[in-house]
Amino acid sequence: MTDKNDILFARAQKTTPGGVNSPVRAFRSVGGTPRFITRAQGPYFWDAEDQRYIDYIGSWGPAIVGHAHPEVISAVQAAAARGLSFGAPTEGEIEMAEEICKLVPGIEQVRLVSSGTEATMSALRLARGATKRDKIIKFEGCYHGHADSLLVKAGSGLLTFGNPTSAGVPEDFSKHTLVLDYNNSQQLEEVFASIGDQIACIIVEPVAGNMNLIRATQEFIDTMRKLCTAHGSILIFDEVMCGFRVGLHGAQALYGVQADLTCLGKVIGGGLPVAAFGGRADLMGHMAPLGGVYQAGTLSGNPVAVAAGMTTLKIIQQPGFYENLTAQTRKLVDGLSAAAKAAGVTFCADAVGGMFGLYFASEVPGSYAAMMASDKDRFNRFFHLMLDQGVYLAPSAFEAGFVSAQHDDTIIAETIAAAEKAFAQL
Ligand SMILES: *Cc1c(COP(=O)(O)O)cnc(C)c1O
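Residues numbered from 1 in each chain as written. Predicted model: local features only at pLDDT ≥ 70, side-chain atom pairs only at ≥ 80, totals over all residues. Heavy atoms only, no water.

*Asks:* Describe the sheet that holds strand β15 (residues 348–352), listing the residues and the values that go with them.
*Replies:* Strand-to-strand pairing in sheets goes through backbone hydrogen bonds, with the strands running parallel or antiparallel. Strand order in the open sheet made by the three strands is β15-β16-β18, with antiparallel pairing throughout. Edge positions in the open sheet fall to β15 and β18 (401–402), since each of these has one partner strand only. By the bridge criterion, two bridges tie strand β16 (residues 355–359) to β18 in an arrangement that is antiparallel. Bridged to Met355 within β18 is Phe402. Contacts between helix α11 (residues 321–343) and the sheet are confined to β15 and β16, with β15 contributing the most and set at about 175° to the helix. (Pairing = 2+ DSSP bridges. Helix = DSSP H or I, 4+ residues; strand = E, 2+ residues; numbered from the N terminus. Contact = heavy atoms within 4.5 Å. Axes fitted to C-alpha atoms, helices over the stretch in contact; angles between N-to-C directions.)

Laid out in structure tokens, this is it:
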């Protein structure tokens with residue numbers, strides 16, 4: 001064993017379960033050895049062998065301005081030099097909150113936290129506290145972090161509450177979670193007709209990025225909004241991934257619908273741990289210290305993390321930022337689709353803003369079941385053929401991909417050239 005990635009992986013597994021600090025990094029789905037990253041710049045990162053990759057995960061979304069952007073790095077360095085954490089409020093947190101309230105429709109007040117999991121967990125608690133109801137609705141294939149009541153899969157029938165998908169989650173928790181099919185408005189209508197007055201909230205990824213990329217239909221979004229309003233339930237948009245990815249004002253602007261609560265993360269930290277949940281001021285007024293819903297965090301609104309996040313939010317507001325990001329991502333998926341077609345491979349792709357999905361299927365899936373029916377083995381072979389040519393895609397057929405502002409025409413063309421070779425070998 002001489003490859004430095006292999007050596008590091010063997011060493012990592014001795015002290016860390018599976019050798020990684022978050023499961024998908026382990027390459028279990030695609031097989032092989034995970035690459036240990038030593039540095040990143042712009043659209044690239046390098047592994048322990050100093051092999052360079054064009055990066056299409058961008059830290060799973062945050063690296064939207066490209067890695068190690070000089071303005072972000074200098075803001076972080078300057079903030080760090082002023083002290084790392086105070087456990088007392090700072091002006092930077094106000095600026096960040098003002099920026100988020102300005103940019104995201106539906107957010108009048110916001111609380112900063114340190115991870116997307118914390119944001120969704122807190123939003124659920126708030127929805128339950130404000131409505132005094134326990135039951136929640138989520139959709140199969142949407143991921144909302146790893147809070148207990150969200151690690152739940154569908155029960156056996158429409159009105160049966162869910163079963164835990166993780167060991168260690170008591171059934172007493174999962175029994176309050178109803179798991180329905182994404183993009184199925186009919187099912188949602190039926191559930192609300194029978195138990196609407198018991199539903200605290202719906203939590204949804206309005207553009208889903210955790211079962212590959214799947215867009216909600218306008219009808220599905222409108223139905224959720226209508227039913228929540230009619231039944232006094234809270235509509236929570238989990239925009240941890242799609243917020244500031246599908247466009248400057250997130251999925252709510254895309255669909256022209258406001259959520260009651262919105263969860264953010266990933267891009268808003270620019271690569272450091274910042275996430276947030278916010279929404280209607282009357283709802284946010286239930287949060288401690290004003291109201292009875294408790295939530296807190298030692299490192300919430302951390303000054304160094306906020307410096308990275310604020311600088312990133314400034315850069316993405318430069319004129320043409322999203323037009324360019326959207327155009328580059330579109331060029332990528334169109335080029336990949338054409339390359340697959342030329343090679344006679346059953347494949348299609350979709351993109352929204354700077355997020356994309358690749359599917360070894362004849363049409364773009366609209367549900368978890370449709371996504372699961374795609375050809376996973378073919379994806380896995382494609383993944384390794386691309387990796388061998390220095391293109392790093394998400395190491396799972398069921399994850400979305402991400403483009404940064406630094407993925408210029410040359411990078412996209414190189415990627416498509418690699419894909420032409422890969423498709424020919426499938
Ligand atoms: C990543 C993600 C989360 C969890 O965020 P973490 O920061 O990993 O805890 C929640 N919801 C969605 C939609 C995500 O993509």
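On we go from here.
*Asks:* Please set out the packing of aromatic side chains residue by residue, giving values where relevant.
*Replies:* Across all of its chains, the model carries 20 aromatic pairs by this definition. Geometrically, the ring pair formed by Phe9 and Phe36 is tilted, given 6.4 Å between the ring centres and 55° between the ring planes. In this pair, Phe9 sits in helix α1 (residues 4–15) while Phe36 sits in the loop between α1 and β1 (37–41), placing the two residues 27 residues apart along the sequence. Take Phe9: its relative accessible area is 14%, and that puts it in the buried class. Both rings, one in Phe321 and one in Tyr322, keep their centres 5.2 Å apart while their planes meet at 75°; by these two values the pair is edge-to-face. Judged by its relative accessible area of 10%, Tyr322 falls in the buried class. Aromatic rings pair up to connect Phe27, Phe45, Tyr53, Phe347, Phe360, Phe379, Phe382, Phe383, Tyr392 and Phe423 into one cluster. (Phe/Tyr/Trp six-rings, centres within 6.5 Å; stacked < 30°, edge-to-face > 60°. Buried < 20%, exposed > 50% of the residue type's maximum accessible area, 1.4 Å probe, protein only.)

*Asks:* Residue-level account of the site of the ligand, with values.
*Replies:* Taken together, the neighbourhood of the ligand is formed by Ser115, Gly116, Thr117, Tyr143, His144, Gly145, Glu205, Asn210, Asp238, Val240, Met241 and Lys266. The contact in question runs from an oxygen atom of the ligand to an N or O atom on the side chain of Lys266, over 2.6 Å. When the ligand is considered free in solution it has 380 Å² of accessible area, and contact with the protein chains removes 82% of it. (Near = heavy atom within 4 Å. Polar contact = N/O pair within 3.5 Å; in protein donor to acceptor, adjacent residues only side chain to side chain. Areas by Shrake-Rupley, 256 points an atom, 1.4 Å probe, with all protein chains shown as cover.)

*Asks:* Pulling in residues and values, what's your account of the nonpolar core?
*Replies:* Within the largest apolar cluster, 117 residues are counted, with the highest numbers of intra-cluster contacts made by Ile100 and Phe139. Both domains that meet at this core, namely domain 1 (4–64 + 319–425) and domain 2 (70–315), each give it at least three residues. Aside from chain neighbours lying at most four places away, what touches Phe139 is Val179, Leu180, Asp181, Tyr182, Leu188, Ile202, Ile203, Val204, Phe220 and Met224. Formed by 22 residues, the second largest nonpolar core is a distinct cluster that contains Val113, Ala147, Phe277 and Leu283. (Core = buried A, V, L, I, M, F, W, Y, C linked by side-chain atoms within 4.5 Å. Domains from an automatic or database assignment.)

*Asks:* So what about the domain arrangement of the protein? Which residues, and what values?
*Replies:* The domains assigned to the protein are domain 1 (4–64 + 319–425) and domain 2 (70–315). Once you take the C-alpha centre of each, domain 1 and domain 2 turn out to be 26 Å apart. Between domain 1 and domain 2, the residue contacts involve 30 residues of the former and 27 residues of the latter. At the boundary of domain 1 with domain 2, total buried surface from both sides reaches about 2,200 Å², with 61% on carbon and sulfur atoms. One can count one salt bridge joining domain 1 with domain 2. The partner of Asp350 in a salt bridge is Arg215, with the nearest N and O atoms 2.7 Å apart. Our count for the domain 1 to domain 2 interface comes out at 11 residue pairs in polar contact (both at pLDDT 80 or more). When residues in the side of domain 1 that touches domain 2 are grouped by element, the largest group, five residues, is from β16. Each residue belonging to the side of domain 1 that touches domain 2 can be placed in one class, and the counts come to 21 nonpolar, six polar and three charged. (Buried area = accessible area lost by both parts, 1.4 Å probe. Salt bridge = Lys/Arg side-chain N within 4 Å of Asp/Glu carboxyl O. Nonpolar A, V, L, I, M, F, W, Y, C, P; charged D, E, K, R; others polar.)

*Asks:* Residues and numbers for the environment of Lys4, please.
*Replies:* Along the chain, Lys4 turns up in helix α1. Put simply, Lys4 and Ala373 are 369 residues apart on the chain and 36 Å apart in space, counted from C-alpha to C-alpha. Excluding residues within four positions of it along the chain, Lys4 makes contact with Ala48 and Glu49.

*Asks:* Explain the pairing of strand β5 (residues 135–139) to me, and be specific about the residues and the numbers.
*Replies:* Taken across its five residues, β5 has five buried, putting it largely inside the fold. Side-chain alternation along β5 places Lys135, Ile137 and Phe139 on one buried face and Ile136 and Lys138 on a second face that is also buried. Looking at chain direction, β5 and strand β9 (residues 199–204) are connected through three bridges and run parallel. Looking at β9, one finds that Lys135 is bridged to Ile199.

*Asks:* Explain the side chain of Asn5 to me, using residue names and the numbers behind them.
*Replies:* The topology assignment puts Asn5 in helix α1. For Asn5, the side chain forms a polar contact with the side chain of Asp47, separated by 3.1 Å.

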